[in-house]
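Read off the chains here:
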Amino acid sequence: MVAGSGVAPHNGGVEATPEVTPCQQRSSPDAEISALLGKAKGWSVANGKLHQEFACKDFVTAFGNMTRVALVAEAMNHHPEWFNVWNKVVI
């Protein structure tokens, strides 16, 4: 089982969303990203999106890492914009 797959809406789960009363406001995605960016080693914001480049030892390792991320991303119903050439992966 993939972590989080039980709650992914397209996998038959129930999406967990926090209750927000009319008096509460969620922070904007930009504010959330800015607040947490310092904890995300190596990540930056480029063109309004989270960005990081990874260099692996070869194509097989790069593709394997993308596959591992794809399984978790699918379970979260999140589909990143990414790019791969040989040993380089850009998310």
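Residues numbered from 1 in each chain as written. Predicted model: local features only at pLDDT ≥ 70, side-chain atom pairs only at ≥ 80, totals over all residues. Heavy atoms only, no water.

## Brief notes about the packing of aromatic side chains
Counted by the stated rule, this structure contains two aromatic pairs. Seen from their ring centres, W43 and F54 are 6.1 Å apart, and the 70° between their planes marks the pair as edge-to-face. A residue pair is termed long-range when its members are at least 10 positions apart, and W43 in the loop between α1 (29-36) and β1 (44-46) and F54 in strand β3 (residues 53-55) qualify at 11 residues. Relative accessible area serves as the criterion here: at 33%, F54 is assigned to the partly exposed category. (Phe/Tyr/Trp six-rings, centres within 6.5 Å; stacked < 30°, edge-to-face > 60°. Helix = DSSP H or I, 4+ residues; strand = E, 2+ residues; numbered from the N terminus. Buried < 20%, exposed > 50% of the residue type's maximum accessible area, 1.4 Å probe, protein only.)

## Considering the sheet that holds strand β5 (residues 88-90)
Taken in spatial order, the three strands of this open sheet run β3-β5-β4, and their pairing is antiparallel. Where the open sheet ends on each side, the last strands, each with one partner, are β3 and β4 (83-85). Here the strands of the sheet are splayed against their neighbours by 15° on average, with no regard to which way each runs. In this structure, β3 lies alongside β5, joined through three bridges in antiparallel fashion. Of the residues in β5, the one forming a bridge with E53 is V90. (Pairing = 2+ DSSP bridges. Axes fitted to C-alpha atoms, helices over the stretch in contact; angles between N-to-C directions.)

## Brief notes about unusual backbone geometry
A positive phi is found at N77, a non-glycine position, where the angle reads about 55°. By the element assignment, N77 lies in the loop between α2 (59-75) and β4. The exposure class assigned to N77 is partly exposed, which follows from its relative accessible area of 41%. Its identity as a non-glycine residue notwithstanding, W86 has a phi of 45°, on the positive side. For W86, the position within the fold is in the loop between β4 and β5. You can call W86 exposed: its relative accessible area is 52%.

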